[in-house]
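Below are the chains, spelled out letter by letter.
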Amino acid sequence: MSQELHQDDREFAIRAKRVLDCTVQEMDQPIALRLQRGRLAALERKPRRSVRMMWASGFAVASMAALALYVWAPQPMSRQHAAVPLDDFELVTSVENVELAEDLEFFHWLADDDTTG
Amino acid sequence: MALPRSLTSAYSGQCSLSGRVSTLEERRALDRFLAGVERRAFRMAQIATGHDDEALDLVQEAMLKLVERYGMRTEAEWGPLFHRILQSKIRDWYRRTKVRSRWRLWLGRDEDGGEMDDPLEAIADTVTPSADHQLQTKEAAAALDAALRTLPLRQQQAFLLRAWEELDVAQTAAAMGCSEGSVKTHYFRAVHTLRTLLGNHWP
C-alpha cells in the first residue's frame with residue numbers, strides 16, 4: 001500500500017492546522033498565565049554544563065596547571081652544584097684553607113713558573 | 001541527546017544567533033523561544049493526556065529540562081530538542097497511566113472516586129461537543145481533539161508534529177525517537193483515520 005498522501009489529504013492537514021491554531025489563539029487566560037509562570041520558573045534555572053564538557057574543562061585546567069608547574073617551578077639542582085656552597089663554606093672556614101689563601105702569592109708564582117718553563 | 005545537524009535546519013531561519021551569547025541575551029532568546037512554543041506544546045500535551053493540569057506539568061517539565069540541559073546549545077537546536085523532550089515526557093506519562101489503569105482494574109477499585117485518568121475514558125467524554133461550544137471553530141476544534149484522542153499515541157504525535165508543527169519527516173523521527181519509515185506510516189494512517197472520523201464536511 002502506498003503511503004503517499006493525496007492532494008485532499010494534504011488539504012485536510014492544512015485545515016486541521018488552521019483549526020489547531022485557532023484553539024491556541026483562543027486559549028483560556030488562566031491557562032495562558034500558568035504557562036507563563038511555568039516558563040519564568042524554568043528560566044530561573046541555570047543551564048547545566050554537560051558532563052562531557054565538565055570533564056574536558058577539568059582536563060584542560062589540570063594540563064595547564066601541570067605545564068605551569070613544570071615551566072616556573074625552580075629546577076632541582078644537580079648533585080655537583082648543590083654541593084658547591086657547602087664545599088665553599090668548608091673551604092672558607094677550615095684553618096688549612098685560610099693558610100692556603102695566605103700563600104696565594106706562592107701559588108701564583110708556581111703557576112707562572114709552570115707556564116714559562 | 002544528540003540531533004543531527006540537518007534536523008536543525010528548519011529552525012535556523014528563526015534566529016540570528018549562531019554561537020554563544022551573553023547570559024542575558026541567552027535568557028531573552030530562551031524566553032522568546034519558549035513563549036512562542038508553549039501554547040502549542042500545551043495543546044499537544046492536553047490532547048494526549050486529556051487533562052489541563054497534567055498537560056501543564058508536562059510542558060513545564062519539558063521547559064525546565066530544555067533550559068537546564070540544553071540552554072547552552074544554539075537557538076537553532078532548541079526546537080527539535082524541545083519537541084523531543086516533550087514527546088518523550090508524553091510517552092512516559094502515557095505508559096505510567098496505562099500501568100496505573102491496569103493495576104486499578106486488577107485491584108477492582110477506583111482510587112480517585114470516578115475522576116478520569118485513563119486516556120480512553122477521556123476520549124468518550126469529549127466526543128460530544130458541549131453546549132458551550134457554539135462557534136463553528138470551537139465545534140471543529142472539539143471534534144478534532146476527540147478524533148485525535150482516538151488515535152494511538154504514535155499516530156497522534158506524528159500527525160501533530162507533521163501537520164501542525166510542520167516538521168519534516170527526519171525532524172519528526174528525531175522528536176519521536178523512531179525511524180523515518182515509521183513516521184511516514186503513522187502519519188499516513190493518522191490522516192486517513194481522522195478523515196474517516198471527521199467526515200468530508202469538516203470543519
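Right above here is the structure, for reference.
What this report covers is the structure whose coordinates are included nearby. Here the structure is a predicted model, which is why all the values come from computation and not from measurement.

Notes on the overall build of chain B
If you tally the helices and strands in chain B, you get nine helices and zero strands. Residue burial in chain B is summarised as follows: out of 203 residues, 48% are buried. With an accessible surface of roughly 10100 Å², chain B has 49% of that area assigned to carbon and sulfur atoms.

Let's talk about the pattern of salt bridges
Counted under the stated rule, the structure contains 13 salt bridges over all chains. A salt bridge links Arg 34 of chain A to Asp 53 of chain B; the shortest N-O distance between them is 3.0 Å. Residue Arg 34 of chain A is found in helix H2 (residues 29-44), and its partner Asp 53 of chain B is found in helix H3 (residues 52-70); the two belong to separate chains.

Concerning the nonpolar core
In this structure, Leu 144, Leu 148, Phe 159, Leu 160, Tyr 187 and Trp 202 of chain B are the most contacted members of the largest nonpolar core, which totals 35 residues. Secondary structure elements with two or more residues in this core: helix H1 (7-25) of chain A together with helix H2 (23-49), helix H6 (136-150), helix H7 (153-164), helix H8 (169-176) and helix H9 (180-198) of chain B. A total of seven residues in this core trace back to one element, the largest contributor, which is H9 of chain B. Ignoring any residue separated from it by four or fewer positions in sequence, one finds Tyr 187 of chain B in contact with Leu 5 and Ala 13 of chain A together with Ala 158, Phe 159, Arg 162 and Ala 163 of chain B. Formed by 33 residues, the second largest nonpolar core is a distinct cluster that contains Leu 30, Ala 45, Leu 56 and Trp 78 of chain B.

A word on the side chain of Arg 39 of chain A
Within the secondary structure, Arg 39 of chain A sits in helix H2. Look past the residues within four positions of Arg 39 of chain A in its chain and what remains in contact with it is Asp 31, Leu 34, Ala 35, Glu 38 and Met 63 of chain B.

A short note on the interface of chain A and chain B
Listed per partner, the contact involves 36 residues of chain A and 45 residues of chain B. Between chain A and chain B lies a buried interface of about 4000 Å² when both sides are counted; carbon and sulfur atoms form 66% of it. For the pair chain A and chain B, the number of links is seven salt bridges. Scanning the region where chain A abuts chain B turns up 14 residue pairs in polar contact (both at pLDDT 80 or more). Where the side of chain A that touches chain B is concerned, the elements lending two or more residues are H1 and H2 of chain A. Among the elements that line the side of chain A that touches chain B, the one with the most residues is H1 of chain A, at 14 residues. Among the residues forming the side of chain A that touches chain B, the class breakdown is 17 nonpolar, six polar and 13 charged.

Here's the deal with the packing of aromatic side chains
As enumerated under the stated definition, the model contains five aromatic pairs over all chains in all. For the ring pair Phe 12 of chain A and Phe 159 of chain B, a centre distance of 6.3 Å and an interplane angle of 45° mean the geometry is tilted. Here Phe 12 of chain A, found in helix H1, pairs with Phe 159 of chain B, found in helix H7, and the two come from separate chains. You can call Phe 159 of chain B buried: its relative accessible area is 0%. Residues Phe 33 of chain B and Trp 78 of chain B carry aromatic rings whose centres are separated by 5.9 Å and whose planes lie at 55° to one another, so their mutual orientation is tilted. Of the two residues, Phe 33 of chain B sits in helix H2 while Trp 78 of chain B sits in helix H4 (residues 75-107), which places them 45 residues apart along the sequence. In this structure, Phe 33 of chain B and Trp 78 of chain B share a single accessibility class: buried. Ring-pair connections join several aromatic residues into one group, and the members of that group are Phe 12 of chain A together with Phe 159, Tyr 187 and Trp 202 of chain B. The cationic tip of Arg 162 of chain B hangs over the ring face of Tyr 187 of chain B; the distance from NZ or CZ to the ring centre is 5.1 Å.

Rules used in this analysis
Residues numbered from 1 in each chain as written. Chains lettered and ligands numbered in written order. Predicted model: local features only at pLDDT ≥ 70, side-chain atom pairs only at ≥ 80, totals over all residues. Heavy atoms only, no water. Helix = DSSP H or I, 4+ residues; strand = E, 2+ residues; numbered from the N terminus. Buried < 20%, exposed > 50% of the residue type's maximum accessible area, 1.4 Å probe, protein only. Areas by Shrake-Rupley, 256 points an atom, 1.4 Å probe, with all protein chains shown as cover. Salt bridge = Lys/Arg side-chain N within 4 Å of Asp/Glu carboxyl O. Core = buried A, V, L, I, M, F, W, Y, C linked by side-chain atoms within 4.5 Å. Contact = heavy atoms within 4.5 Å. Buried area = accessible area lost by both parts, 1.4 Å probe. Polar contact = N/O pair within 3.5 Å; in protein donor to acceptor, adjacent residues only side chain to side chain. Nonpolar A, V, L, I, M, F, W, Y, C, P; charged D, E, K, R; others polar. Phe/Tyr/Trp six-rings, centres within 6.5 Å; stacked < 30°, edge-to-face > 60°. Lys NZ or Arg CZ within 6 Å of the ring centre and 35° of its normal.

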